[in-house]
Amino acid sequence: MSEVSLLKQLARSLMTGQLIAASDPHRQQWHLAPAVGLLNDPNGFIQANGRYHLFYQWNPLACRHGAKWWGHWSSADLVHWQHEPVALLPTEDYEISGCYSGSAVQNNGKITLIYTGNVKYTDGSRTANQCLAEEMPDGTFRKLGPVIPLPEGYTGHVRDPKVWKHDGFWYMVLAAQSPDIKGKILFYRSEDLQQWHLLGEIAGTYLNGLKEFGYMWECPDLFPLDGQDVLLCCPQGLAAEKYRYLNLYQCGYFVGQLDYQQAKFPHGEFYELDLGFEFYAPQTTETADGRRLMFGWLGMPDENELAQPTIKYGWVDCMSSPRELSLRNGKLYQQPVKELQLLRQSDGFRWQGSAQDAPELAAVSAEIMVEVSQPFTLTLRDEASMSWDGECLILTRRNWRTGEQESRYWFGSLTSLQLLLDSSSLEVFINGGEACMTARYFPSPEKRTLQFHGTGTVSIHHWLLSACMIE
Ligand code: FRU
């Protein structure tokens, strides 16, 4: 479809939909969400000339997956965001089924996007082109076309390029599927972003000591952190275990050492990035002050997603809060970025005592730090709960599609919890970021508080968070 027809449809979609979406009681107060339609992966996350840019997979015309666009927000502080001109629309033959996920770099002073042009055929097959687009002075993006056609020896499932610079060369990790239907990560090098050389497969099923490990690995990201290298990826097709891999698709990381010369990435075990329900397709960037920050998609396709009640209001899914990463004893720690403290409305409210005597606290748009040493339970708006029995922390929620209770687990010695709560999401940071548990949930709008239960002592610090809409 031509750019003009798509933009006319976008205008109608926004004119009819925006007020309705904004009136949803489950509309997020301070998490980034689509004005209308469906949002998925964070794309092109970068800080350029002092401003953060976050692009996102977007279907502005319907609450379903399809031929994706790239939306674009920018911010000076990761808290106050503004809309930028839509960055990419699927108009060309080489991307006709969607401008799929990718990343951004700064090249010659311009933000340059590297993304997947997805092409689906009527017989169900598909192909993929890795494409470039560069920033124009008016904030729009000019497409430069494909730079990597479908590599030989892979199926049409090749996507999600993440590019970075190292020692004067550009490098890329790219998700791919081998003909025997196994997930692989390809590694490329380029001098100019135009000509790319495939150096080899650096990770995937049957590599680096892994056995069967999924039929596709989506959204790779590879970066140095505290002296090692971390590969984030989203393997699809891992069998659920009693306490692990309980979501339909997985999202996790390997810690290793990238050998640029030999194109090898020997690595350790796979760990899940988030032990909750919805956290997928994350992407990181390095900031000017040397922090490694990450956004993830608070969504999970193909299961409960399209039964979310927000669809009545014409929008679905949102981003995670921005998280700062660090590596300690080989484990990835995640903490909310310090800028999020700008949302706290005051110095907060402190309380200490037996859990069951704690006051009910506002839980719609709030942050709470809890120090604990004894078992306790926390119920959230009668729709979710967290329970600590001395060994296992259990997050339980009502599944909005089936109505059933479902749980996720973390084992360890609990000392503190930090909860970030919004109208329809909860993000839990365990022991200063040693583990995270994230979920969307859709409590009745009149249920607005959280309650503690149990006889153990808890120490609480609670803040109300300001609504922070996109300007
Ligand atoms: C992950 C993903 C990517 C793809 C994009 C399409 O959620 O499937 O692999 O590029 O979404 O929207």
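Residues numbered from 1 in each chain as written. Predicted model: local features only at pLDDT ≥ 70, side-chain atom pairs only at ≥ 80, totals over all residues. Heavy atoms only, no water.

Focus on the overall build of the chain
Here comes step 1: Along the chain, the regular secondary structure elements total 1 helix and 33 strands.
Here comes step 2: For a compact globule of 471 residues, the expected C-alpha radius of gyration is about 23 Å, and the chain comes in at 22 Å, within 12% of that figure.
Here comes step 3: By principal-axis analysis of the C-alpha atoms, the chain measures approximately 65 × 55 × 45 Å.
Here comes step 4: Here the chain holds 471 residues, and the buried ones make up 61% of them. (Helix = DSSP H or I, 4+ residues; strand = E, 2+ residues; numbered from the N terminus. Rg over C-alpha atoms; globule rule 2.2 N^0.38 Å. Buried < 20%, exposed > 50% of the residue type's maximum accessible area, 1.4 Å probe, protein only.)

Comments concerning the environment of Lys-110
Here comes step 1: Its location among the elements puts Lys-110 in strand β6 (residues 110-120).
Here comes step 2: On the accessibility criterion, Lys-110 (33% relative accessible area) is partly exposed.
Here comes step 3: Along the chain, Lys-110 and Glu-135 lie 25 residues apart, while their C-alpha atoms are 5.6 Å from each other.
Here comes step 4: Among the polar contacts made by the side chain of Lys-110, one reaches the side chain of Glu-134 at a distance of 3.4 Å. (Polar contact = N/O pair within 3.5 Å; in protein donor to acceptor, adjacent residues only side chain to side chain.)

Re the pattern of salt bridges
Here comes step 1: Overall, the coordinates contain 17 salt bridges when judged by the stated rule.
Here comes step 2: The closest approach of N and O atoms between Lys-182 and Glu-212, which form a salt bridge, is 3.2 Å. With Lys-182 in the loop between β10 (169-177) and β11 (183-190) and Glu-212 in the loop between β12 (196-204) and β13 (216-225), the pair connects residues that are 30 residues apart, well separated along the chain. (Salt bridge = Lys/Arg side-chain N within 4 Å of Asp/Glu carboxyl O.)

Points about the side chain of Arg-344
Here comes step 1: Tracing the sequence through the fold places Arg-344 in the loop between β21 (331-336) and β22 (349-354).
Here comes step 2: A polar contact of 2.7 Å, which involves the side chain of Arg-344, links it to the side chain of Glu-367.
Here comes step 3: The residues touching Arg-344, leaving out its near neighbours within four places in the chain, are Glu-367, Met-369, Gln-418, Trp-463, Leu-464 and Leu-465. (Contact = heavy atoms within 4.5 Å.)

Digging into the site of the ligand
Here comes step 1: Asn-40, Asp-41, Gln-57, Lys-68, Tyr-100, Ser-101, Arg-159, Asp-160, Glu-218, Cys-219, Tyr-280 and Trp-297 make up every residue found near the ligand.
Here comes step 2: A distance of 3.0 Å is found between an oxygen atom of the ligand and a side-chain nitrogen or oxygen belonging to Lys-68.
Here comes step 3: Contacts to the ligand include Asp-160, whose side-chain N or O atom sits 2.5 Å from an oxygen atom.
Here comes step 4: For the ligand, the protein covers 91% of the area, taking 320 Å² as the surface of the free molecule. (Near = heavy atom within 4 Å. Areas by Shrake-Rupley, 256 points an atom, 1.4 Å probe, with all protein chains shown as cover.)

What about empty space enclosed by the protein?
Here comes step 1: This model, assessed by the stated rule, comprises 4 cavities of 30 Å³ or more.
Here comes step 2: Space inside the largest cavity adds up to approximately 90 Å³.
Here comes step 3: Forming the walls of the largest cavity are 13 residues, and the residues nearest its centre are Trp-30, His-31, Leu-78, Trp-81 and Pro-322.
Here comes step 4: For the lining of the largest cavity, a count of residues per class yields 10 nonpolar, 3 polar and no charged.
Here comes step 5: Here the second largest cavity defines a volume of roughly 70 Å³.
Here comes step 6: For the lining of the second largest cavity, the elements supplying multiple residues, two or more each, are β1 (37-48), β5 (99-107), β9 (159-166), β13 and β17 (280-286).
Here comes step 7: Partitioned by chemical class, the residues of the lining of the second largest cavity number 6 nonpolar, 4 polar and 3 charged. (1 Å grid on protein atoms, 1.4 Å probe; cavity = no way out; pocket = protein on both sides within 12 Å on 5 of 7 lines; lining within 4 Å. Points joined across faces, edges and corners; volume = space filled by probe spheres on them. Nonpolar A, V, L, I, M, F, W, Y, C, P; charged D, E, K, R; others polar.)

A few points about the pairing of strand β31 (residues 435-440)
Here comes step 1: Summarising burial for β31: 6 of the 6 residues are buried, a large majority.
Here comes step 2: Taking every second residue as pointing to the same face, both faces of β31 are buried, with Ala-435, Met-437 and Ala-439 on one and Cys-436, Thr-438 and Arg-440 on the other.
Here comes step 3: Taken together, the 6 bridges between strand β30 (residues 425-430) and β31 define a ladder with antiparallel strand orientation. When the bridges of β31 are listed, Leu-426 appears paired with Ala-439. (Pairing = 2+ DSSP bridges.)

Some remarks on the sheet that holds strand β15 (residues 252-256)
The pairing of strands in a sheet happens through backbone hydrogen bonds and is either parallel or antiparallel.
Here comes step 1: Pairing is antiparallel across the open sheet formed by 4 strands, whose spatial order is β13-β14-β15-β16. Taken across any chain shown, the strands that pair with only one partner, and hence form the sheet edges, are β13 and β16 (271-272).
Here comes step 2: The pairing of β15 with β16 spans 2 bridges and is classified as antiparallel. Opposite Tyr-253, over in β16, you have Tyr-271 as the bridge partner.

Side note on the environment of Phe-411
Here comes step 1: Tracing the chain through its elements places Phe-411 in strand β28 (residues 405-411).
Here comes step 2: A C-alpha to C-alpha distance of 9.9 Å links Phe-411 and Ala-435, two positions 24 residues apart in sequence.
Here comes step 3: Filtering out sequence-adjacent residues up to four positions away, Phe-411 remains in contact with Tyr-243, Glu-391 and Cys-392.

Let's talk about the pairing of β1
Here comes step 1: Most of β1 sits out of view: 12 of its 12 residues are buried.
Here comes step 2: Sheet analysis places β1 next to strand β19 (residues 315-316), joined by 2 bridges and oriented parallel. The residue of β19 that forms the bridge with Gly-37 is Trp-315.
Here comes step 3: Between the end of β1 and the start of strand β2 (residues 51-59), which pair antiparallel, lie 2 residues, with Asn-49 showing a positive phi angle near 50°.

Some points on the packing of aromatic side chains
Here comes step 1: Summed over the entire model, instances satisfying the criterion amount to 27 aromatic pairs.
Here comes step 2: Geometrically, the ring pair formed by Phe-213 and Trp-217 is edge-to-face, given 6.1 Å between the ring centres and 70° between the ring planes. Note on accessibility: Phe-213 and Trp-217 belong to one class, buried.
Here comes step 3: Seen from their ring centres, Tyr-245 and Phe-270 are 6.1 Å apart, and the 55° between their planes marks the pair as tilted. Taken together, the residues span a long stretch of sequence, with Tyr-245 in the loop between β14 (228-236) and β15 and Phe-270 in the loop between β15 and β16 at a distance of 25 residues.
Here comes step 4: When its relative accessible area of 5% is taken as the criterion, Phe-270 is described as buried.
Here comes step 5: Against the face of Trp-315 rests Arg-27, its NZ or CZ located 4.7 Å from the ring centre. (Phe/Tyr/Trp six-rings, centres within 6.5 Å; stacked < 30°, edge-to-face > 60°. Lys NZ or Arg CZ within 6 Å of the ring centre and 35° of its normal.)

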